[in-house]
Structure formats: C-alpha cells, structure tokens
Amino acid sequence: MADKARPGRTVALVIFLTGLVVVGLLTWASWRSFQDNESRLLASHAKEAAQVINAAVPSVQTPLAAAAELADATGGNRNDFTEFIQSFVGKQAPFVSASLWRLDEPTAGPLAVVGASPMLADKPGRAEDFFSRVSRTSTLGVTDLLEGPSRRLGYEYHFANRGPFAAYAEAALPADRRATIARNAAFSELHYAIYLGNGTEAANLLTTDSTQPLTKSTHSKVVVPFGDSALTLVFSPRGTLGGALAADLPWIIAGAGVVFAAGAALAAETLQRRRRRAEDLAGALDVAAAEARALYAEQRSIALTLEQALLPESLPQLEGLEAGCRYEPGTMGVEIGGDWYDLVPLGDGSVFFAIGDVSGRGVRAAAVMARLRFAMLAYADQGDPPDEVLRKLSSLLHIEDSGHFATALCGLIRADRHEVVVANAGHLPFLVLDGSSSRFIVEDVGPPIGVTEHPVYRVATIHVPPRATLLGFTDGLIERKGESIDVGLGRLGVVARSNQHLSLDAMITSVVEELTREGTDDDAAILGVRWTT
C-alpha cells in the first residue's frame, strides 16, 4: 500500500513544487510591475511639478520685465519705477524687496528701493559679479542669498542692447529650509527637495524632509530651466503612490498561489483572482480618468487665472463715454493666450485705447503680450502719438528671434470732439455703430508688429456722430475654420446692429454669446466705447 501511494505522493510533490515555482515567478512579476508602476507615477508627478514651476516663471519675470521696460522708456525715473513695482512687494506679494540698478554701476548700489533693503546691496563684490554675469544674457537672472538667518532668492531682468537699467527683486525663503504641504494639496503624497542649480550639490532652497539628500530607493530627479539658472527637483514618495492594493498584490498572489498549488480548486481560484484583478484594473482606470479630468481642469484654471492677471482688472470711468469689455477664453487646450486690451485716460483729456493679439499660445506668447502691453502703456503715457507707439513696439519684437508676431489697433479718443485718431498694425478693423447703420474702418492699415524691420504706420482721424458706439475685437470672435474673414465680419455687423439698443455691457455680452455659442478654438477679446451724448 505504501509503495502504491508513493508515486501519488511523488506526483503531488512535483505538482506542489512546480506550483510553488510558478507562484514564485508570478509573485516576482507582480512585485516588479508594482515597482515599475510606482516609478512611472513618481516620474509623472515630477513632470507635473516641473510644468507648475514653468507656469510660475511669468509671475516672476513679467512684473520685472515691465519695470525694466518702464525704466528704459523713462530714462530710469525713480518715481515711475516705485509707483509701478510697489504693488508686487509686501507680505502677500511675490517679493519682499524690489530695486532699480544700473548694470554699468552695480557697486554704486540701487537707484530706488521698494520694501526691505536688498541683501545684494550689502555685498558689493557679489553684486558686481552677479550683474556682470546677467549683463551677457537676455533671460531672467537668478542668484541665491542664503547666508545668515535671512534667506532670499534674487531675480534680475533687463533688455539687452537697450538702456543700462535692470529691475531686481528678492523673494524670502524659510529660514529653516523646511516646507509644509497640506494633506489636500497637490503633490501631498511626495517628499521633495529643491536645489538652485543643475544638481543636488547646489544650494538647497526648500525641503519637506529633514533627511538630506533624499536617498530612498525610489526617487525621481527633474532639472527645470529657471531663468539663466535651473532648479533641480528631487522627489520621493511618502507612501505608496499606487494605493495599498497595488502594494499588497504580490503577497496576495503568493498566498493564493500556495493555496492554488496545494488544493484542488485550481480553476475556481484562478478565475476568481482574474475577476478581482479585472475589477481592480477597471477601478484604477476610472481613478486615472478622474485624475486626468481634474488635472485638465486645474491646468485650464491656472491658464485662465494667468490670462486675467495680465489684463486690466477694470475699465476707468470716463467723462462723456461709456466703456465695456469681455474676454472669452477658447475651448482648445489649456495654454494661455496672447489677446489683450487697454483703455487709459491721459492727462490732456483724451483717452488711449488699444486691442491686440500675439500669434500662437503658451507662456512665451503671454510673455510677449505682457511686454508689448506694458511698453505700449509707457509710450502712451509719455505722450507718443498712436503711429509712433506702434513704430516703437516694432523695435521690441522680431519674429526671427521670438517666433511670434502681433497685431494691434490703438488710438486716441477725444470725447468732446467726437473724434478718434487711430493707427493699425495689421489688426482687424474696428466697427462703428450709428443707429441702424454700421461700418468697418479699414484706413491706413500697416504691417503686423515684428514682421518687418522698419515698418511705416500712419494715423487716420475718424469723426463719429453723437451716441455712436466703437467696437474693437480680436480674431477669435469672428474667425471660423473653412470660412472667409469677410463672412465673419458681416456676421458681427448684423449681430451688433441688432443689439445696439441695449446698454453697452449688455450689448457686448449678447454679441459674444451669440458669436461663440458653438465654441471657438481661439481666445476672443472685445473692447467697446459709446458716446453718451
């Protein structure tokens, strides 16, 4: 009996050992898949963090670029610089200190200071080395000021081959280099450390972990361009990024495999495990889809916030005029656009207006838009006529260098004369509404900004009747794929005439809603002015 049972026991032992080998391989493959998935998730989070850093650069560079542009335009006027930059300095502002320097005389110290005294001013040798380095580039200059109890990060911006002035600001860093993350915040599942430079040997700016450097077996490093320097971001997981089930799955497979090898319920256990894995995969896919939708919504919200931050918060109250505007973001993608508008009263009783559009989308297009907009305001404020404003703007932008060009329509409104003096750089004509009639003003249209070296712009003087309405707009309002621009202009004229009996704000809202009802890929901006008499 024992001899007859031995072959059965041998076969059973062979089956059991074979099952253990198979279970071991499956367990290892599951563990390897878990490790690979953790690495992919960590790399994905690191990439998302790098995108957030890139999106934040304009919030640092834009005010400094505008301040430098203003300094160049006004010959380094301290009062103009101080009045402009002071809204960016303070406890709730991005900088604790802002100052104006001459690139060719850094050891003389700052010409004007807003907020706290710049730490760089206390280090003449350091200041001379820093400004000498940044003078050779046209990008945002970055330096660390980490010595002593007060730790700061310094930023500088100037325009190459322009005036000698540079705008410089300092942002405060925590004295203990520790950063805290709320549980419900983005990237709360990660430890991170940020270094200024191209490696972890550089200056450490912030960290969430007292253990430095981050040396866990699973970590990810990303180097992000940051002005003329770089930020090295090192991430490690606080726990399991893929969830507890993914971490426990190898051990679940091992236990189930032993039961599978030892028992008779091979088929049932296999089917049950596959069903559970399919349900887990479906749940993981649902979670991934929800996270993707949430990330898209967050990125689009960031883009819209940046767009609104670069436009006027409100239009001024004007004597004899009613003003209104509307900005409608496009439905395609999450990148920021380059449309802008302005309406600014001048000291001589006239009103300067402008509307424009930078080609393309993204952070570079938005930076070009901000540069042109702030420069246009500076030129208008110093009394330049519309054609001279456009000519000066053309010297700031070259499509060969930036890959962008811009169209712009600007002019002066003299309300008491019912007169508009306008200059056009390749932009769509503005629409004049008078009772039941309407007309587009297409006189003296010059080339877009940035496409030729020495463009010629001319002004046209337009007289409008009492209670007339003037509308300027960008191409996102009227252009449609496969359709002639004249068809879009005609549609705008019909819709505007049918709604001009409404108040100006109600009319603009109705026009935008009717023309963008089916959505538009491009952003659309519209600026309206109506004579009250």
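Residues numbered from 1 in each chain as written. Predicted model: local features only at pLDDT ≥ 70, side-chain atom pairs only at ≥ 80, totals over all residues. Heavy atoms only, no water.

## Section: the environment of T469
Moving on, step 1. Residue position: T469 is located in strand β19 (residues 469–473).
Moving on, step 2. Under the relative-accessibility criterion, T469 is labelled buried at 2%.
Moving on, step 3. Here R530 takes part through its side chain, which lies 2.9 Å from a polar atom of the side chain of T469. (Helix = DSSP H or I, 4+ residues; strand = E, 2+ residues; numbered from the N terminus. Buried < 20%, exposed > 50% of the residue type's maximum accessible area, 1.4 Å probe, protein only. Polar contact = N/O pair within 3.5 Å; in protein donor to acceptor, adjacent residues only side chain to side chain.)

## Things to note about the sheet that holds strand β15 (residues 430–434)
Moving on, step 1. With antiparallel pairing, five strands are arranged side by side in an open sheet as β10-β20-β19-β15-β16. Each edge of the sheet is formed by a strand with only one pairing partner; in this case those strands are β10 (321–328) and β16 (437–441). Between one strand axis and the next, the sheet turns by 15° as a mean value, whatever way the strands run.
Moving on, step 2. In terms of strand pairing, β19 meets strand β20 (residues 524–531) through five bridges, oriented antiparallel. Opposite L471, over in β20, you have G528 as the bridge partner.
Moving on, step 3. The strands touched by helix α9 (residues 485–499) are β15, β16 and β19; relative to β16, the strand with the most contacts, the crossing angle is about 140°.
Moving on, step 4. Across the sheet, helix α10 (residues 504–515) touches β10, β15, β19 and β20, and the angle it forms with β10 is around 25°. (Pairing = 2+ DSSP bridges. Axes fitted to C-alpha atoms, helices over the stretch in contact; angles between N-to-C directions. Contact = heavy atoms within 4.5 Å.)

## Some thoughts on the nonpolar core
Inside soluble globular proteins, nonpolar side chains tend to come together where they are buried.
Moving on, step 1. Grouped together as the largest cluster of nonpolar side chains are 53 residues, with contacts concentrated most on M376, L390, L393, I413, V420, F430 and I449.
Moving on, step 2. It is helix α6 (residues 363–381) that provides the largest number of residues to this core, a total of eight residues.
Moving on, step 3. The next biggest cluster of nonpolar side chains, apart from the first, holds 43 residues, and it includes A65, L153, I194 and V224. (Core = buried A, V, L, I, M, F, W, Y, C linked by side-chain atoms within 4.5 Å.)

## Notes on α6
Moving on, step 1. Helix length check: α6 (19 residues) gives 27 Å between terminal C-alpha atoms against 27 Å at 1.5 Å per residue, within 8%.
Moving on, step 2. The positive-phi residue at the C-terminal boundary of α6 is G383, with phi of around 95°. (Expected span 1.5 Å × (residues − 1).)

## Focus: empty space enclosed by the protein
Moving on, step 1. All told, the structure shown has three cavities of 30 Å³ or more when counted by the stated rule.
Moving on, step 2. Volume-wise, the largest cavity comes out at about 70 Å³.
Moving on, step 3. In terms of lining, the largest cavity is formed by F353, I355, L409, I413, F430, L470, L471, G472, L527 and V529.
Moving on, step 4. Breaking the lining of the largest cavity down by element, the ones donating at least two residues are β12 (351–358), β13 (406–414), β19 and β20.
Moving on, step 5. Here the element with the most residues in the lining of the largest cavity is β19; it accounts for three residues.
Moving on, step 6. Here the second largest cavity defines a volume of roughly 60 Å³.
Moving on, step 7. Counting residues per element, the lining of the second largest cavity draws most heavily on strand β14 (residues 419–425), which supplies three residues.
Moving on, step 8. Taken together, the residues of the lining of the second largest cavity break down into six nonpolar, one polar and three charged. (1 Å grid on protein atoms, 1.4 Å probe; cavity = no way out; pocket = protein on both sides within 12 Å on 5 of 7 lines; lining within 4 Å. Points joined across faces, edges and corners; volume = space filled by probe spheres on them. Nonpolar A, V, L, I, M, F, W, Y, C, P; charged D, E, K, R; others polar.)

## Quick notes on the sheet that holds strand β3 (residues 141–145)
Hydrogen bonds between backbone atoms are what pair the strands of a sheet, whose relative direction is either parallel or antiparallel.
Moving on, step 1. Sheet architecture is open: five strands sit in the order β2-β1-β5-β4-β3, paired in antiparallel fashion. Strand pairing shows two members of the sheet lacking a second neighbour, β2 (112–115) and β3, which therefore form its edges. Ignoring strand direction, the axes of neighbouring strands in this sheet form an average angle of 20°.
Moving on, step 2. Pairing of strand β1 (residues 97–102) with β2 involves four bridges; the strand directions are antiparallel. Bridging across to β2, A98 finds its partner in V114.
Moving on, step 3. Helix α2 (residues 78–85) contacts β1, β2 and β5 (165–173) of the sheet and is inclined by roughly 20° relative to β2.

## A few points about the side chain of D72
Moving on, step 1. Positionally, D72 belongs in helix α1 (residues 2–74).
Moving on, step 2. Of the residues examined, D72 reaches a relative accessible area of 16% and is grouped as buried.

## Structural notes on a nonpolar patch on the surface
Moving on, step 1. Together, L13, L17, L20 and V258 give the surface a local cluster of nonpolar side chains, amounting to about 320 Å² of exposed area.
Moving on, step 2. The greatest single-element share of the nonpolar patch, amounting to three residues, is contributed by α1.
Moving on, step 3. Secondary-structure assignment places L13 in helix α1. (Patch = residues over 30% accessible without salt bridge, like charges linked within 9 Å, V, L, I, M, F, W, Y side chains within 5 Å. Areas by Shrake-Rupley, 256 points an atom, 1.4 Å probe, with all protein chains shown as cover. Salt bridge = Lys/Arg side-chain N within 4 Å of Asp/Glu carboxyl O.)

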